[in-house]
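Structural overview
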Amino acid sequence: MQRYNFMKIMNIKRLFLVCFILTFFNIPAFSQVKDKISKVVIDPGHGGSMPGTVGKLCKEKDINLKVALKMGKLISENFDDVTVIYTRKSDETVEVYKRAEIANKNKADLFISIHANSADNKGATGIETFVMGLEKSAESFAIAKKENADMLLEKDYETNYQNFDPNSPEAYIVLSLYSSAYLNKSTIFASKVQNHLVNNTKLIDRNVRQAGFWVLYKVAMPSILVELGFISNAEEEKYLLREDAQEIMAVSLYNAFVEYKNLMEGTEKPYLPVPKATKAEPKIEQTIEPTIEPTIEPQIEPKIETENIPDTTNVIEVVNLTEPVVPDIYFRIQFFTSKDNLKTSDKKFASLLDVKKYSEKGVWKYTVGNFQSLTDAQLELREVKKRYSDAFIVAFHNEQKITIQEAMELLK
C-alpha cells in the first residue's frame, strides 16, 4: 500500500514537471495551435488627390490599384475561407490613418500595402519589401518620408497624426515604441513576397528592409509594404505599365500569400502557375495629360508654318503651349533667423550655395536651395541639418511664403 502511494505521488510529480516544462518553454503538448488567416486587408497606396510618384507615362496610384485588385481577385476566387478587404477599390482619396483604421476595425489577420518606388537616381531599379522598423539608413528614411508625405495633404493633419512630422528624423523616434509582437511574422511574410516577386519578374532584388511607415506602425497585425519597382526608371516604368507584368506581380503576391498561409495553418494549398512574360507594349491610360513629349512636338509645327497667317486656332494653341505647366512653386530650407538684415553673401553663409532671405514679422529669415520637388528639398535638408540642426523646409509661390500643404495642392 505504501509502495502504491509512493508511485502515485511520483507519477503526479512527473505529470506536474511535464506540464511545467511545456508551459515554460511554450511547447504545445498535444496539437500545435495554428494561426488562422481569414481576413486580409489589401491597401493600394495613394489614390485620388494623392497620386504618389508621377512618372512620364503613369501615376503610382494607378499601378498600385491594378495590381492590388488583381491579387485580391485571385485570393477571393481560390479561398472560400478568406475575406478580402480593400482600403480602396477605385481612384479615391483615403487618408493614411484611415487605412490603418480599416484594418484594425475589421480585425484583419494580415495587411498588405502595395506601392511603386521612385528615386532621384534615374538608374535605380528593383523590388524591395518593407516591415515596420527603424533601420538607420538614409535610403530607408527617404522612402519612408516619401510614402508618409501624403499625410501633409490631409485636412486636420496635425490632429490625426499627433503632430507627427514625416520630414523630421527626430519625429520617427515615436515609432520606436512600435511593438515587436508582429515583427517576426511580418518579416516571414515579407521574405516570401520578396522571393516570389524577384524570381518571377527577374527584377533586381533590393531585399527585405525596415522603415518607419506610419500605416504599418498603426496596424495591429502582421503587415508589409512592398515597392514593386521604380517609376522614376524609364524602362522599369514601361514594365510596370505592361498588362502581363501586372499579372505576374499579382500572381507572385498571391503565391507568397499561399506559402505564408500554408505555413501558419499547416495546410498544403498549391501555387498558381505564373504567366509568361510577353513583349507587348505597355498599356497607357487615356487620361494621361498631353504634356508628354511625343504629343507636344506635332503641335509646335503649326506655329512655324503658319505664324504669319491670321488663323485664330493656331494662335490659341501657341499661347497654350507657352504657358507654364508647373506653377512658380519652390521649396527651400530655412536655417537661420536674425533681427539684423544681413547680406546673403555674409561670411556666416560662406559654405552655403543659393542663400536667399525674406522678412516676416520684423525678423529676417534665411534659406538655402531652390527646389521644385519636395523630395529634393528633403534630401538637402538632411545635409543642412548637419550644421543647422533646427533647419526645416518652407514653401514659396511667386516668392510669397505658403504652407507645405498649400504648395502640394497647387502642384497636383
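Our subject in this report is the structure included herewith. (Residues numbered from 1 in each chain as written. Predicted model: local features only at pLDDT ≥ 70, side-chain atom pairs only at ≥ 80, totals over all residues. Heavy atoms only, no water.)

1. Comments concerning unusual backbone geometry
Backbone geometry at Lys361 places phi at a positive 55 degrees, although glycine is not the residue there. Looking at where Lys361 falls in the secondary structure, it is placed in the loop between strand 8 (355-360) and strand 9 (363-371). Even without a glycine there, the phi angle at Asn398 is positive, about 50 degrees. Its location among the elements puts Asn398 in the loop between strand 10 (392-397) and strand 11 (400-402). (Helix = DSSP H or I, 4+ residues; strand = E, 2+ residues; numbered from the N terminus.)

2. A few points about the packing of aromatic side chains
With the rule as written, the count across this model stands at 10 aromatic pairs. Seen from their ring centres, Phe349 and Tyr366 are 5.1 Å apart, and the 35 degrees between their planes marks the pair as tilted. A residue pair is termed long-range when its members are at least 10 positions apart, and Phe349 in the loop between strand 7 (329-338) and strand 8 and Tyr366 in strand 9 qualify at 17 residues. Across the pair, exposure class does not vary: Phe349 and Tyr366 are buried alike. An angle of 80 degrees between the planes, with centres 5.2 Å apart, marks the rings of Tyr358 and Phe396 as edge-to-face. Of this pair, Tyr358 sits in strand 8 while Phe396 is found in strand 10, placing the two residues 38 residues apart along the sequence. Residue classification places Tyr358 among the buried positions, given a relative accessible area of 12%. Classification of Phe396 by relative accessible area gives buried; the value is 3%. The rings of Phe335, Phe336, Phe349, Tyr366 and Tyr388 are connected pair by pair, giving a single aromatic cluster. The lysine or arginine in question, Lys269, covers the ring of Phe79, its NZ or CZ lying 4.8 Å from the ring centre. Lying over the aromatic face of Trp364, Lys357 brings its terminal NZ or CZ to 5.1 Å of the ring centre. (Phe/Tyr/Trp six-rings, centres within 6.5 Å; stacked < 30°, edge-to-face > 60°. Buried < 20%, exposed > 50% of the residue type's maximum accessible area, 1.4 Å probe, protein only. Lys NZ or Arg CZ within 6 Å of the ring centre and 35° of its normal.)

3. Observations regarding helix 3 (residues 96-105)
Within helix 3 the residues assigned to the buried category are Val96, Tyr97, Arg99, Ala100 and Ala103. Angular distribution of buried residues about the axis of helix 3 spans 155 degrees; they occupy a single face of the element. Note on helix 3: the residue one or two positions beyond its end, Lys107, has a positive phi of about 50 degrees. (Arc of directions from axis to C-beta.)

4. Things to note about the environment of Ile42
Examined against the element boundaries, Ile42 turns out to sit in strand 1 (residues 39-44). For the pair formed by Ile42 and Thr87, sequence separation is 45 residues and the distance between their alpha carbons is 6.5 Å. Excluding residues within four positions of it along the chain, Ile42 makes contact with Ala68, Met71, Gly72, Ile75, Val84, Ile85, Tyr86, Thr87, Ile112 and Ile114. (Contact = heavy atoms within 4.5 Å.)

5. Comments concerning the environment of Glu92
Within the secondary structure, Glu92 is located in the loop between strand 2 (83-86) and helix 3. Separated by 45 residues in the primary sequence, Glu92 and Gly47 place their C-alpha atoms 5.3 Å from one another. Those residues in contact with Glu92 that sit more than four places away from it in its chain are His46, Gly47 and Gly48.

6. Observations regarding the nonpolar core
If you look at the biggest cluster of nonpolar residues, it comprises 46 residues, and the most contacted ones within it are Ile42, Ile75, Ile114, Phe189 and Phe257. Residues in contact with Ile75, not counting those within four places in the same chain, are Ile42, Val82, Val84, Tyr254 and Phe257. Within the second largest apolar cluster, 22 residues are counted, among which are Tyr366, Val384, Ile393 and Ile404. (Core = buried A, V, L, I, M, F, W, Y, C linked by side-chain atoms within 4.5 Å.)

7. Brief notes about the environment of Asn117
Within the fold, Asn117 resides in strand 3 (residues 110-117). Judged by its relative accessible area of 0%, Asn117 is buried. Separated by 109 residues in sequence, Asn117 and Val226 have C-alpha atoms that sit 9.2 Å apart.

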